[in-house]
Amino acid sequence: MKILFIRINNFLKSCISNRLAAFGFFLVIVMILTALLAPILAPYPPDKQIYQDARQSPSIQHLFGTDLLGRDIFSRVIYGTRISLMVGFLSMVIAASCGIIAGLLAGFYGGWTDTIFMRAMDALMAFPAILLALLIMSVLGPSLANAIIAVGIIYTPTFARLIRASALSIREKEYLEAARSIGMPNWLIMVKVILLNSLSPIIVQISLGIGYAILVEAGLSFLGLGVQPPKPAWGSMLGEARNLMVFAPWMATFPGLAIFFAVIGFNLMGDGLREAIDPHRIEDK
Amino acid sequence: MFKKKKIFIFNIFIISYFLLTSVGFAGSQMKIGLSGDLVMLDPQLAQTGLDWTPAALIWNRLVEYDNTMMDPIPSIAESWQVSEDGKAWIFKIRKGITFHSGRELTSADVVYSFQRGFEIGAKGRFAGYMVSVDSYKALSPYEFQVSLKQVDVTFLANLAVQSASIVDKDTIDKIRTEPIGSGPYEFVEWSPGEKTVYRKNKNYWDQKKLSEIPDEIITIPIPEEQTRLANLQSGQVDMINDVENVFWSQIENDSNLRLWGQDVTASYKAVIFSFEKPPFKGNKLLRQAIAHAINKEAIHQTVFFGSGEVGCNLLPKSHWAYTEINCYDYNPEKAKELLKRSGYDTSRPIYFPTSSRPSYMRTAEVVQANLKDIGLKTNIEPQEWGYYVQETWINRKFEMQVAWYTREIDPDGLFSSVLRKEQGNNPMRYYNPAIETLFDGGKSVYDREIRKKYYESIMNTAILDEMPIIKIQTVERKWASNKKVKNFNILPKGYPNYYSFKWSG
Amino acid sequence: MYQYILRRMIQMVFVIILFSVIVFTVLRLVPGDPVTAQLGLEAGDQAYKELRAEMGLDKPIFIQYLSWVSNVFQGDFGISWFSQKSAISLIKKRFPASIWLTVSAITIALIISIPVGIISGIKPNSWIAHIATFFSMTGIALPSFWLGLMLILTFAVFNRWLPPSGYISPFIDPIMGFKHLILPSLTLGIEIAAPLTRFIRSGMLDVMNSEYIRTARAKGLTEFLVISQHALRNAMLSVVTILGVFIGYLLGGSIITESVFNYPGIGTLLIQAIQQRDYGVVQGIILFISLIFMFINLMVDISYAFLDPRIRYE
């Protein structure tokens, strides 16, 4: 635990010197606050249709303009933050849990378990992500929950690889011997030592992964295979805006920018975390 | 020196080769960008408007639509006569019509097509249109006779429908892959999702027509409206269908393009309910609640940009059979009250699948918001067109859905197939014997005043009381093209009249 | 070296088998039944039974798997439930378009990322390096479909310079064909160039800081020689290794790009098939793409064996 705090402290310190990471961190905080405070920040409910106001360009009453059915785009973008964060976060929870378990088993037990797991993970990982997502979505059906599961599955190998590398390196170390000699059971050793040691890279990957998840989900929703209407997902807002771009370019601009800033925020923060926490990083990908 | 000359000549060669190949197909070629791919090449099984194009181009029918859809023009049938009592029709088959395979078309082929149409039954549309046919036979190779059960004023015009196409018995097994017909164009190929190619039938019986139309027609599915229009503007295609309202002003201001519309439209959008299972089966109050909850004006302004005409009467106001009926109003308070009285458990969302095409999708979204306002939850499931047609329309897996009807202009044609037993446009499976009698009556006389009364009663019963269908508004359908297309007409049904346009490309 | 190649091939076979089992299982899990998809709901039990037997769906799962595999070997990747055409014929029609797009996109991506990546690796504090970092960061975060839409708006809608969609084979019509290719390959190319630049840059950085470069410098070689003879080779080596993964990005990215531009390649075929619940085609395409993907990876691995002296002398 203490190690974690020290690391975070380092991170914050280097944030001040590394302005990019700080900016990323700032964006992420803004996103989280927006999501939490959505009902207060949004001037209208996201699915309220005021048909008399339809297709209006940005104005004081509607900061980002309105869409075809008279919904306020600013409010929709704000509520869309919730969906994006939910997808990002939950999918990483799935990916991390599955990946950690897989990696632990593979790394600790080695031998056949290791080879099979890792070959499978390699194959999964190198394979085009969108393709995998499409395949999963086509089986499960389009919905928010399924999109989360799909992204989770896609990102699992990254975590598995990470934990396994950590587990392999830890395996040999002395304090493992020491722990065993005082009678700690195997699984306890695994959890404590390996997990704690890899906590930092895990956090880095989660941050990068959230950005990735948001992008993938936006792509799926754009194609109509992700979040279903009337939920205000940024990707589907872009999909809807497509035909009306000539007349209503604001409908496409703002959700696109939202996606961009969200992803960049998490990417920058993830990169910054990576440099701060482990300057001699074990580069995975 | 010599070398340079050789290279120079060689380059000229290459350049001219490329120039020649980029000219492309040697004859005149017309490209049409359509909002979707065709679904079914067999005209007797086809269910959707996009299948009209192959049906009209590859096959003929006994008669074809004129531009009003009320006065058909001779095609395979050169002339006809009807008996005094209006029940016996004799058609004279034109001599010298050949199928693309070379075989001559005779009344035996007409008999075969009728037979096949009736056999297909409810899976196609023919049986529905020909419901008053009692018997039919070939009197001679060039004479075909039909006996009706009673007078049917819609019979003649109905012979122009897609499913009344005269098909080739010899090649019937390949009708879905390599169809043979007698129409102005031969089928060349269908690359699903990419294009369909038709080539002019040099042996078509109407030789005069051949000189006015292009040698080749290629239809290309371009589902995205914006892209489809952009293709027209940049010259990739010569004509596009179903132009969305958003773009009308843009096209009108473009001197290179023309917008083609209809004089009157028999096309309308509605919300329909399934009578085959709960929650709408047997729950009239629930249906009426929804009728009062839908804000048609909102849909009119946002989805249709103010075009078309809102109304609950299935007949448009400009129609001769129109009568003012007492439409339900937009009244969320009343809707809430009816909802409560209906006893429906509002925690259960209603299954509301819809086609993912924009006009369907957006209509559904507005309806969803309207229903949410009265406390009803709905589950919209956007479905790709082919899947929607198969599952939701043909297999009737829905509780509620948005339907888009493009019908004939005769009042019977306008909605008999919507409200009559097990007809092609009645996936609700609504059935009321009283309505059946009224419909039969309505088409049994030529007197318009009497017919008007029949349809008024039908409206009062079916539309205002039982509500299997809630009409939202009429839909104006427009096509757009460049200057090479002339004289183009869109039928009230929303379909193009492929027999009246001229090509100057 | 040959041992290495052999090992890789065996691993590849293993992965292919694993993958085929996954695809097969997944497709069986799919809701929706090919039999009712073809016959509709009211065909009657007899018709269902016949079609089921014809499709081989009444045999035990393992037998189905084996016959599916043998079909694949014979080139039968399944039938479209929708149009009755074989998946392979549909794929064949769309394949050239996808190839054109992919090749053009790679070209654009390489043209951008190689010089930029190398320079920013050699001189990490120069203005080029900063621009490169900015560019790659932005490019990674930018949704490619948004970029595509913006490009269409600029070049095809507000100004009619280029066609907004579609495809003509450059063999049939080079000028128009080329015009159709520009926007989609730009979109896809930029999307790929961003992470590629980043990767090349970090590869160069690592190499430039390594021991043997210092040795080379100590030997007194000019900077130019140091870079061209030693650093570049090694950096390119690492690019080759990662090529397999980038092919993956390409295949994935092209699906969305094709969709934005209504480009008739394999990507749009796949999406259409998914939307139509035409699992025959979905299965065929996934299989096809995976086979190509694995084949390319194998080629990359083998070429790596020749290029990397460490493996060559193993």
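Everything numeric in this text was worked out from a predicted model, so none of it was measured. (Residues numbered from 1 in each chain as written. Chains lettered and ligands numbered in written order. Predicted model: local features only at pLDDT ≥ 70, side-chain atom pairs only at ≥ 80, totals over all residues. Heavy atoms only, no water.)

## Regarding the sheet that holds strand β17 (residues 469-474) of chain B
All names here are of chain B.
Thinking step 1. Spatially, the 3 strands line up as an open sheet ordered β16-β13-β17, and their pairing is antiparallel. The open sheet has two edge strands with one neighbour each: β16 (400-406) and β17. Going across the sheet, the axis of each strand differs from the next one's by a mean of 25 degrees, ignoring polarity.
Thinking step 2. Docked against the sheet, helix α9 (residues 284-293) engages β13 (267-273), β16 and β17, running at close to 20 degrees with respect to β17. (Pairing = 2+ DSSP bridges. Helix = DSSP H or I, 4+ residues; strand = E, 2+ residues; numbered from the N terminus. Axes fitted to C-alpha atoms, helices over the stretch in contact; angles between N-to-C directions. Contact = heavy atoms within 4.5 Å.)

## Some remarks on the confidence of the model for chain C
Residue and element names in this part refer to chain C.
Thinking step 1. The share of residues in chain C with pLDDT of 70 or more is 86%, and the mean pLDDT across the chain is 77.
Thinking step 2. By mean pLDDT, helix α2 (residues 34-39) is the weakest element of chain C at 62, and helix α5 (residues 87-122) is the strongest at 85.
Thinking step 3. We note a pTM of 0.80 for the whole complex and an ipTM of 0.78 for its interfaces. (pLDDT = per-residue confidence, 0-100.)

## Concerning the sheet that holds strand β9 (residues 195-200) of chain B
Residues and elements named next belong to chain B.
Thinking step 1. A sheet is described by the order of its strands in space; here 7 strands give the open sequence β8-β9-β10-β1-β11-β18-β12, paired in mixed fashion. Where the open sheet ends on each side, the last strands, each with one partner, are β8 (185-191) and β12 (257-260).
Thinking step 2. Pairing of β12 with strand β18 (residues 479-482) involves 4 bridges; the strand directions are antiparallel. Bridge pairing links L259 to A480 in β18.

## Describing the interface of chain C and chain A
Thinking step 1. Opposite the 41 residues of chain C that make contact, chain A presents 34 residues.
Thinking step 2. Contact between chain C and chain A buries roughly 3700 Å² in total, counting both sides, with carbon and sulfur atoms accounting for 82%.
Thinking step 3. Of all residues in chain C, F145, W146 and L149 of chain C give up the largest surface area on contact with chain A, accounting jointly for 16% of the area buried on that side.
Thinking step 4. Between chain C and chain A we count 1 salt bridge in total. (Buried area = accessible area lost by both parts, 1.4 Å probe. Salt bridge = Lys/Arg side-chain N within 4 Å of Asp/Glu carboxyl O.)

## Considerations on the confidence of the model for chain A
Thinking step 1. Per-residue pLDDT for chain A averages 81, and the proportion of residues at 70 or more is 84%.
Thinking step 2. Across residues 281-285 of chain A the pLDDT falls below 50, and counting only partners more than four positions away or on other chains, this stretch makes 6 contacts in the model.

## A look at the state of the cysteines
All names here are of chain B.
Thinking step 1. By the definition in use, this model includes 1 disulfide over all chains.
Thinking step 2. Here C312 pairs with C327 through a disulfide, and the sulfurs are 1.8 Å apart. Here the disulfide of C312 and C327 is left-handed, its torsion about the S-S bond being about -85 degrees. Here the residue C312 occupies a position in the loop between α10 (296-302) and α11 (332-342), and C327 occupies one in the loop between α10 and α11, the gap between them amounting to 15 residues.
Thinking step 3. Assessed through its relative accessible area of 1%, C312 is described here as buried. (Disulfide = S-S within 2.5 Å. Buried < 20%, exposed > 50% of the residue type's maximum accessible area, 1.4 Å probe, protein only.)

## Some remarks on the interface of chain A and chain B
Thinking step 1. In this complex, chain A contributes 18 residues to the contact, which on the side of chain B involves 22 residues.
Thinking step 2. Of the roughly 1800 Å² buried between chain A and chain B on both sides combined, carbon and sulfur atoms contribute 58%.
Thinking step 3. Among the residues chain A hides against chain B, the three largest losses belong to Y51, N243 and F247 of chain A. Together they make up 33% of the total.
Thinking step 4. Here chain A is connected to chain B by 3 residue pairs in polar contact (both at pLDDT 80 or more).
Thinking step 5. Partitioning the side of chain A that touches chain B into residue classes produces 10 nonpolar, 3 polar and 5 charged. (Polar contact = N/O pair within 3.5 Å; in protein donor to acceptor, adjacent residues only side chain to side chain. Nonpolar A, V, L, I, M, F, W, Y, C, P; charged D, E, K, R; others polar.)

## Some words on the side chain of S144 of chain C
Residues and elements named next belong to chain C.
Thinking step 1. Tracing the backbone through its elements, the reader meets S144 in helix α7 (residues 144-158).
Thinking step 2. Taking the relative accessible area as the measure of exposure, S144 reaches 8% and is therefore buried.
Thinking step 3. Setting aside chain neighbours within four positions, we find S144 in contact with T187, E191 and I256.

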